[in-house]
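Below, each chain spelled out in residue letters.
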Amino acid sequence: MNLISFFSNDFHALITVLVLILSLILFIRNTIAPELTGLLCVGIFIVTGVLTPEKALAGFGSPSLITLMGLFAVSSALFKSGALDRVRELISSENIKTPRKLITLITFLIAPISGIVPNTPVVASLLPLIEGWCERRNVSPSKVLLPLSFATLLGGTLTLLGSSVNLLVSDISQQLGYGSLELFSLTSIGIPVWLIGTIYMIFVSDLLLPDRGRNKDFIKNGNMNIYFTEVTIPFSSELVGQSVRNSRLQRRFDVDVLELQRNGKVILPPLADRKFEPEDRLIVRVTRADLLRLQQEHTILLAENNKSFGGTNLLSNEEGTKTFEALLPSGSTLAGASLRELRFRQRHNATVLALRRGQQTVQERLGQAVLRAGDVLLLQAPLDSIRGLQASNDLLILDQFEDDLPVLIRKPIAIAIAIGMVLLPSLSNIPLVGSVLLAVIAMVTCGCLRPAEIQRSIRLDIILLLGSLSSFSVAMQVTGLADLIAVNLDFVVNGMPLYFALMVIFVATVLLTQFISNAASVALILPVAIQFSNVLGVSPNALIMLVLFGASQSFLTPMGYQTNLMVYGPGRYRFFDIAKYGAGLTLIMSLTVPALIILNYK
């Protein structure tokens, strides 16, 4: 059918084309947030009558979107419980000494985790740890960070839970009448893709990843929330008898021991081979999260402030006691005196957990450190005391952290619930969305997650984007636009061998997803690609999988996927560094994925 005559006779189809063009421009130029672009298009579809409100908004109530919301909550509980602690310890192991060994660990261990846990929080959790590894090993972060992002992308195609895009594809497939995807629908193709990508990254990283140098101020960077504090080693601590080098302070938590005090004597570095004894006092450099976790595990005790006040342990996860940061402003009457001289705890009913002083190292004992304007104190106090401090001109409350304290004692429970969430749909007729919702309730019931934390864990921007994008596919189907585009593009693949035809569709999806979000590329390409199923003589499910895997190959640009952007700055990469490393992987996948599709669906 002639395009001009089609559009002149179908106003709704013309509106749909204009909306799609507008969305592409806004997605590429990033004029407004992607989720706002999606909502704008939904609004236009409704106002112009292209879609009824029920059809346009159906994506917001889809099982896939509800599954994703529940998955955010489950992931939050896993991270809070310390489920990745073992992974962190392996990365810091003395056996991992070279970039190739670290990349091997990342690709074989982190990628499968990304098949269950969304890859963004995985990268966010491990990024500081890997930067610390690079600092200790005198390795440029640019030699290892890009494989971290790519590995999570490959791992995200192992199961339906691995990526929000997988769930969007499942939702669109169901709306178009082809049924939703099962939990392991992707696995038969995802495993070979993961293994091939792993081999590529391990063997070409030394050659293709640039050396962009190191950030020499990494450890002292105030933005990394590095604090200085004084701790003691209790008799029951597992550190007793271990050397500093081989202790979990170094292997799992990357704590720097600056000074050791034993029997009133000060022992200065080097301390790597010194063994800990009970009642040793340490001055350490540590992050807020690691300090609280070590304290809760009873690995260490805060030297000056391990007492309870009012019989309440400040480092318990009790309601009403909060952890927060406070800044000493210019003119504070606290400046120029030590915490001990100020009788800070008695005066303010608050405990100082640690001290941060810009980029300077603080090596005095915590109680004896003289406070200065600009110091940041990590405090813990009841809510009433916090209100009193807020009313004072001596301290400026920077923030409050309600979920700082980990729930380590519930780590086995959280892991068991997550495993059950994955196995339940596989071993029974319970839908995946039901299994995920049950897991969320179980996490709250067992104390792994607070009800208020469910709301905070949900990425509203992703929910709005995915919920709105499903309307694109529906509009293209309702107006007949998808059929029309497929008919007019038939000459491209007509007469081609099936393998090459699938490769063309795959490459088109890959290229589009480098410049707009992979969710948007799926929403635009999938309805058209499915129309080629009869022409090519393959199942529509084969084309659904082809587009899904094509949209997951974000290996050419920083903006191709959010994890690429997350490592772009810390790795000090340049724009074409990613293309140089990812071009070979993209070419291999363009040759491999169509073949795997044919093997699985022909």
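Anything mentioned here points back to the structure above.
Conventions we followed
- Residues numbered from 1 in each chain as written.
- Predicted model: local features only at pLDDT ≥ 70, side-chain atom pairs only at ≥ 80, totals over all residues.
- Heavy atoms only, no water.
- Helix = DSSP H or I, 4+ residues; strand = E, 2+ residues; numbered from the N terminus.
- Buried < 20%, exposed > 50% of the residue type's maximum accessible area, 1.4 Å probe, protein only.
- 1 Å grid on protein atoms, 1.4 Å probe; cavity = no way out; pocket = protein on both sides within 12 Å on 5 of 7 lines; lining within 4 Å.
- Points joined across faces, edges and corners; volume = space filled by probe spheres on them.
- Nonpolar A, V, L, I, M, F, W, Y, C, P; charged D, E, K, R; others polar.
- Axes fitted to C-alpha atoms, helices over the stretch in contact; angles between N-to-C directions.
- Left-handed = near helix turned anticlockwise from the far one by under 90°.
- Contact = heavy atoms within 4.5 Å.
- Polar contact = N/O pair within 3.5 Å; in protein donor to acceptor, adjacent residues only side chain to side chain.
- Core = buried A, V, L, I, M, F, W, Y, C linked by side-chain atoms within 4.5 Å.
- Patch = residues over 30% accessible without salt bridge, like charges linked within 9 Å, V, L, I, M, F, W, Y side chains within 5 Å.
- Areas by Shrake-Rupley, 256 points an atom, 1.4 Å probe, with all protein chains shown as cover.
- Salt bridge = Lys/Arg side-chain N within 4 Å of Asp/Glu carboxyl O.
- Parallel < 35°, antiparallel > 145°, perpendicular 65-115°, else oblique.

Enquirer: Provide a residue-level description of the environment of glutamate 182, including the pertinent values.
Expert: Tracing the chain through its elements places glutamate 182 in the loop between helix H10 (164–175) and helix H11 (187–208). With relative accessibility at 55%, the residue glutamate 182 sits in the exposed group. Placed 249 residues apart in sequence, glutamate 182 and proline 431 show a C-alpha to C-alpha distance of 8.8 Å.

Enquirer: An account of empty space enclosed by the protein is needed here, citing residue identities and associated values.
Expert: This model, assessed by the stated rule, comprises six cavities of 30 Å³ or more. Roughly 60 Å³ of internal volume is contained in the largest cavity. Along the walls of the largest cavity sit Gly59, Ser62, Ser64, Leu65, Leu68, Ser164, Leu167, Leu168, Asp171, Leu466 and Gly467, which together make up its complete lining. Elements with a contribution of two residues or more to the lining of the largest cavity: helix H5 (63–81), H10 and helix H20 (460–478). Here the element with the most residues in the lining of the largest cavity is H10; it accounts for four residues. Its residues assigned to classes, the lining of the largest cavity comprises five nonpolar, five polar and one charged.

Enquirer: Can you break down the packing of helix H23 (residues 498–513) against helix H26 (residues 540–551) residue by residue, with the values?
Expert: The geometry of H23 relative to H26 is characterised by a closest axis approach of 8 Å and an angle of 35° between their N-to-C directions. Taken as a pair, H23 and H26 cross one another with a handedness that is right-handed. Packed against H23, whose contacting residues are Leu502, Ile505, Phe506, Thr509, Val510 and Thr513, the element H26 presents Leu543, Leu546, Val547, Phe549, Gly550 and Ala551 at the interface.

Enquirer: Can you break down helix H9 (residues 145–155) residue by residue, with the values?
Expert: For the α-helix, the turn length of 3.6 residues means that residues three or four positions removed from each other point alike. Among the eleven residues of H9, eleven are classified as buried, and the element is accordingly described as predominantly covered. Looking at H9, one finds that the buried residues are Leu145, Leu146, Pro147, Leu148, Ser149, Phe150, Ala151, Thr152, Leu153, Leu154 and Gly155. Buried residues along H9 sit in contact with helix H7 (99–114), helix H8 (119–137), H11, helix H27 (562–568) and helix H28 (575–601).

Enquirer: Hey, could you go over the side chain of glutamine 261 for me, with residue numbers and the actual values?
Expert: In this fold, glutamine 261 is placed in strand E2 (residues 256–262). Among the polar contacts made by the side chain of glutamine 261, one reaches the side chain of glutamate 259 at a distance of 2.8 Å. Those residues in contact with glutamine 261, other than ones at most four positions away along the chain, are Glu230, Val266, Asp280, Arg281, Ile283 and Arg365.

Enquirer: Hey, could you go over the nonpolar core for me, with residue numbers and the actual values?
Expert: By size, the foremost hydrophobic cluster in this structure holds 134 residues, and its most contacted members are Ile130, Phe150, Met443, Leu469, Val522, Leu536 and Phe549. Looking at this core element by element, the count peaks at ten residues for helix H24 (residues 518–530). Ignoring anything within four residues of it in the chain, the contact list for valine 522 reads Val165, Leu168, Val169, Ile172, Pro527, Val547 and Ala551. Counting 25 residues, the second largest nonpolar core, distinct from the first, contains Leu239, Leu260, Leu294 and Ile300.

Enquirer: Which residues make up the environment of lysine 101, and what are the values?
Expert: Position of lysine 101 among the secondary structure elements: in helix H7. Once the C-alpha coordinates of lysine 101 and isoleucine 91 are considered, the two residues, ten residues apart in sequence, prove to be 9.6 Å apart. Here lysine 101 is in contact with Asn95 and Ile96, once residues within four sequence places are set aside.

Enquirer: Give a detailed account of the side chain of threonine 299, specifying residues and quantitative values.
Expert: Counting through the fold element by element, threonine 299 comes out in the loop between helix H13 (288–296) and strand E5 (301–302). On the accessibility criterion, threonine 299 (1% relative accessible area) is buried. Filtering out sequence-adjacent residues up to four positions away, threonine 299 remains in contact with Pro234, Ser237, Leu239, Arg248 and Leu294.

Enquirer: With reference to specific residues and values, describe a nonpolar patch on the surface.
Expert: A contiguous nonpolar surface patch, about 520 Å² in accessible area, is contributed by Leu489, Phe491, Val492, Met496, Phe500 and Val504. Contributions of two or more residues to the nonpolar patch are made by helix H22 (490–493) and H23. By secondary structure assignment, the location of valine 504 is in helix H23. A residue is classified by how much of its surface remains accessible, and valine 504, at 33% relative accessible area, is partly exposed.

Enquirer: Talk me through the packing of H26 against H28; I want residue IDs and the actual numbers.
Expert: For the pair H26 and H28, interaxial distance at closest approach is 10 Å and the crossing angle is 155°. Taken together, H26 and H28 sit at an angle that is classed as roughly antiparallel. For the pair H26 and H28, the sense of crossing is right-handed. Residues Asn541, Ala542, Met545, Leu546 and Phe549 of H26 lie in contact with H28, whose contacting residues are Val593, Pro594, Ile597 and Tyr601. Split by residue class, the contact of H26 with H28 holds eight nonpolar, one polar and no charged.

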